[in-house]
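Residues per chain, in single letters:
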Amino acid sequence: MVHQYQENGYEQRSGLVLQLLRVGPHWVGLRHSPSLGLSLSLSLGQSLSPSATEAADAQAEAYDMRSLLLAPLIGAALGWSPTAPPRLSSRKAPPLHASTFGSTEEATENSSSVGGAITGMKWMPSVEPDDAVVDALMNICNVRRVDAFELLDTRWNGNEALLYETDAGEFFVKANRGEHPSVFMSEAVSLSAIAKTQTVRVPMPLHVGVLPRFGEFGPGSFMILEYLPFLPFGAMRRKTQALLGEQIAAMHQSRAHDELHLGRFGFPISNFLSLTPLNNTWTPAGMDAHDAWNLFFGRRLRDQANALVQDKTYGLKVVESANDPVYRAIMKVHDNLEYILEDAELDVSLLHGDLSITNIGAIKNRKPKTGIERPPATTPVVFDPASFFGHSEFELSTMRIFGGIEAPFWEAYFGNIPKRKGFERRIKAYELFHYANQLNLFGDPAVKDTIIAVANELMPTQRSRQRWV
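Residues numbered from 1 in each chain as written. Predicted model: local features only at pLDDT ≥ 70, side-chain atom pairs only at ≥ 80, totals over all residues. Heavy atoms only, no water.

## A few points about the overall build of the protein chain
Helix and strand counts for the protein chain come out as 14 helices and 17 strands. Sequence-distant contacts, at least 24 apart, represent 68% of the contacts inside the protein chain between residues at least 6 apart. For the protein chain, the exposed area adds up to about 20800 Å²; of that, 51% sits on carbon and sulfur atoms. (Helix = DSSP H or I, 4+ residues; strand = E, 2+ residues; numbered from the N terminus. Contact = heavy atoms within 4.5 Å. Areas by Shrake-Rupley, 256 points an atom, 1.4 Å probe, with all protein chains shown as cover.)

## Quick word on the packing of aromatic side chains
In this structure the tally under the stated criterion is 22 aromatic pairs. Seen in terms of ring centroids, Trp 293 and Phe 296 are 5.8 Å apart; in terms of plane orientation they differ by 20°. Their pairing is stacked. With Trp 293 and Phe 296 both in helix H8 (residues 289-308) and three residues apart, this pair spans about one turn of that helix. Under the relative-accessibility criterion, Phe 296 is labelled buried at 0%. In textbook terms, an aromatic cluster arises when at least three aromatic residues are bridged by ring pairs, as seen for Phe 265, Trp 293, Phe 296, Phe 297, Phe 388, Phe 394, Tyr 430 and Phe 433. The positively charged end of Arg 300 is found above the aromatic ring belonging to Phe 388, 4.2 Å away from the centroid. (Phe/Tyr/Trp six-rings, centres within 6.5 Å; stacked < 30°, edge-to-face > 60°. Buried < 20%, exposed > 50% of the residue type's maximum accessible area, 1.4 Å probe, protein only. Lys NZ or Arg CZ within 6 Å of the ring centre and 35° of its normal.)

## Topic: unusual backbone geometry
Backbone geometry at Asn 142 places phi at a positive 65°, although glycine is not the residue there. Among the secondary structure elements, Asn 142 is positioned in the loop between helix H4 (132-140) and strand S7 (146-154). The exposure class assigned to Asn 142 is partly exposed, which follows from its relative accessible area of 30%. Despite not being glycine, Leu 262 has its phi angle at roughly 50°, a positive value.

## A word on the sheet that holds strand S10 (residues 205-211)
Taken in spatial order, the five strands of this open sheet run S7-S8-S9-S11-S10, and their pairing is antiparallel. Looking at the sheet topology across the chains shown, the edges are occupied by S7 and S10. Within this sheet the neighbouring strands show an average axis-to-axis angle of 25°, counted without direction. The pairing of strand S9 (residues 169-176) with strand S11 (residues 220-226) spans six bridges and is antiparallel. Bridged to Val 173 within S11 is Ile 224. Contacting S9, S10 and S11, helix H5 (residues 181-197) runs over the sheet at an angle of about 175° to S10. (Pairing = 2+ DSSP bridges. Axes fitted to C-alpha atoms, helices over the stretch in contact; angles between N-to-C directions.)

## A few points about the pairing of strand S8 (residues 160-166)
Buried residues dominate S8, accounting for six of its seven residues. Sheet analysis places S7 next to S8, joined by seven bridges and oriented antiparallel. Bridge pairing links Glu 150 to Leu 163 in S8. In sequence, S7 turns back onto S8 through a hairpin of five residues, with Gly 158 there showing a positive phi of about 95°.

## Structural notes on the nonpolar core
If you look at the biggest cluster of nonpolar residues, it comprises 77 residues, and the most contacted ones within it are Trp 293, Phe 297, Leu 396 and Phe 409. Ignoring sequence-local partners within four residues, the contact set of Phe 409 consists of Gln 241, Ala 242, Leu 244, Gly 245, Ile 248, Leu 396 and Met 399. Membership of the second largest hydrophobic core comes to 19 residues, among which are Ala 132, Val 173, Ala 175 and Leu 206. (Core = buried A, V, L, I, M, F, W, Y, C linked by side-chain atoms within 4.5 Å.)

Have a look at this one:
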């Protein structure tokens, strides 16, 4: 599915990801099929003109967006490169590999997509050289032969996780048969931004490509990343969580992006929390930190409230009008954020944006040679981010809601960034945002009750009621 923008200026074109990593006069090409006569070259930090934006969309439609060339973008910014420079193929779009569920007539007639699940005729992966993913592995990642692939996981939003075995090693691929490539591009930028802090391990993105349209579905997209062999239950180990607590605190305190955010809240691109589009427009330069954060988080909260009464492609219309108690509860909190967040100590921090136990893994460290200090047995890895520059406490709200994060993490984190006055009040407001997002996505009536209960907890005492709207 292609998400609609929530408001004017909500920039989510794939080319706009190039604004993030400003590292000097490095250039990245969005190269097109010669038959279409388009060749875009964008400097890092440069915005796309409307005509260039349209051209980037045309690339997605035509499939032969053979190289969004994440590898040189990330390599220039982070000082690393894949095994060889990317090579562009001048061949036309590869043929389709597809699987039909039922007869062709039945698939065509009954094809549908609900909540990311696709039924009917659809593209299926292959190890043939003309397959879209294989073609990218060979032309971008210096692979000469793809031996096999394995489906590792399928998610409710239509994402599939695959492992590809090649002569150059193993690669991890995320694919979605009906998603716009800008979604994976925004994720790749978030991963790159986290990696640049050199605090916590992430899988490095190598390429974003387009899956061909087949029948009623597509074009879809895929992302190739380095493969990291996660340990079973590795994220649950006490020492792993303690190390993760130190690393997340270090990421929140990192100064690696100071020249990018310039003290503002937001992000150079908008992105997605699961399927929910997020508006990451920068707060105005020079604005008081409290006013700026109230503006940014207030917009996030208001967008969730407004989405409850809207028909939308990524979730459910939950309530019929703004008179519904759950809508009014969220907006009551929104209208009083100045007081709910008043004690916050606001430093601009890079956030993962969707950090919970489901987006944390761990890999085994190799044993060092004799005489070298022994490293921890495991290294934490975080993935599936929706990054932005915000208040560090916001990061902790998903970790509390979804569980699985134990005392070693919290002790390590708060040992580096102590709890501030009013923490419990603010964290409930941040949790309210995530409950609202869950309600928009799934429509669970029990979440309505939770939202109203949390909002009531945030309401003022009689003594301070005169300060509230």
